[in-house]
Amino acid sequence: QVQLVESGGGLVQAGGSLRLSCAASGSIFSISAMGWYRQAQGRQRELVAKITSGGRTNYADSVKGRFTISRDNAKNTVNLRMNSLKPEDTAVYYCMLLDLTTGDDYWGQGTRVTVSS
């Protein structure tokens, strides 16, 4: 069983920065793809950024150039560095792990990010 625990959310002014972290338990981290998703109030959950087991990254157009996803396989963590935050980045951010051997996905409990104007 895989457990994901996010941290690092909070309240920040527009233009500020936050760093989200996700710690994963279990032994499958090195053979997993990881992603950060977000869900704003009244909207569907959307992909923010993802990173493969080999370190290849992909970003939503809305965050390109502002957000950076990274992973540390030795520490079983994935991070999301968010710069130049905008009010429209306000959402609950979720960490996701995809087990590449089974196709199962696992989700964290979410961490709230609020960007004030």
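Residues numbered from 1 in each chain as written. Predicted model: local features only at pLDDT ≥ 70, side-chain atom pairs only at ≥ 80, totals over all residues. Heavy atoms only, no water.

### Thoughts on the nonpolar core
- Within the largest apolar cluster, 29 residues are counted, with the highest numbers of intra-cluster contacts made by L4, W36, L80, M82 and Y93.
- Looking at this core, the elements with two or more residues in it are β3 (18–24), β4 (32–39), β5 (46–51), β7 (67–72), β8 (77–82), β9 (91–99) and β11 (111–116). (Core = buried A, V, L, I, M, F, W, Y, C linked by side-chain atoms within 4.5 Å. Buried < 20%, exposed > 50% of the residue type's maximum accessible area, 1.4 Å probe, protein only. Helix = DSSP H or I, 4+ residues; strand = E, 2+ residues; numbered from the N terminus.)

### A word on the state of the cysteines
- Taken as a whole and judged by the stated rule, the model has 1 disulfide.
- Across a sulfur-sulfur distance of 2.1 Å, C22 and C95 are joined as a disulfide pair. On the S-S bond that ties C22 to C95, the torsion sits near -80°, and the link is left-handed. With C22 in strand β3 and C95 in strand β9, this residue pair connects regions lying 73 residues apart in the sequence.
- Given a relative accessible area of 0%, C22 falls into the buried group. (Disulfide = S-S within 2.5 Å.)

### Describing the packing of aromatic side chains
- Scanning the model with the defined rule gives 1 aromatic pair in all.
- On the basis of an interplanar angle of 65° and a centroid distance of 5.0 Å, the ring pair of Y37 and W107 is categorised as edge-to-face. Placement of Y37 in strand β4 and of W107 in strand β10 (residues 105–107) is noted, with a sequence separation of 70 residues between them.
- The ring of W107 carries R45 above its face, with NZ or CZ at 4.8 Å from the centroid. (Phe/Tyr/Trp six-rings, centres within 6.5 Å; stacked < 30°, edge-to-face > 60°. Lys NZ or Arg CZ within 6 Å of the ring centre and 35° of its normal.)

### Observations concerning the pattern of salt bridges
- By the definition in use, this model includes 4 salt bridges.
- The closest approach of N and O atoms between R38 and E46, which form a salt bridge, is 2.8 Å.
- According to the relative accessible area criterion, R38 is buried, its value standing at 6%.
- Between K64 and D61 there is a salt bridge whose closest N-O contact spans 3.1 Å. (Salt bridge = Lys/Arg side-chain N within 4 Å of Asp/Glu carboxyl O.)

### With respect to the side chain of S32
- Mapped onto the elements of the fold, S32 is located in strand β4.
- Leaving out residues up to four positions away in the same chain, S32 has contacts with T52, S53, R71, L97, L98 and L100. (Contact = heavy atoms within 4.5 Å.)

### A word on the environment of K50
- Along the chain, K50 turns up in strand β5.
- When residues no more than four places from it in sequence are discounted, the contact partners of K50 are M34, G35, R56, T57, N58 and I69.

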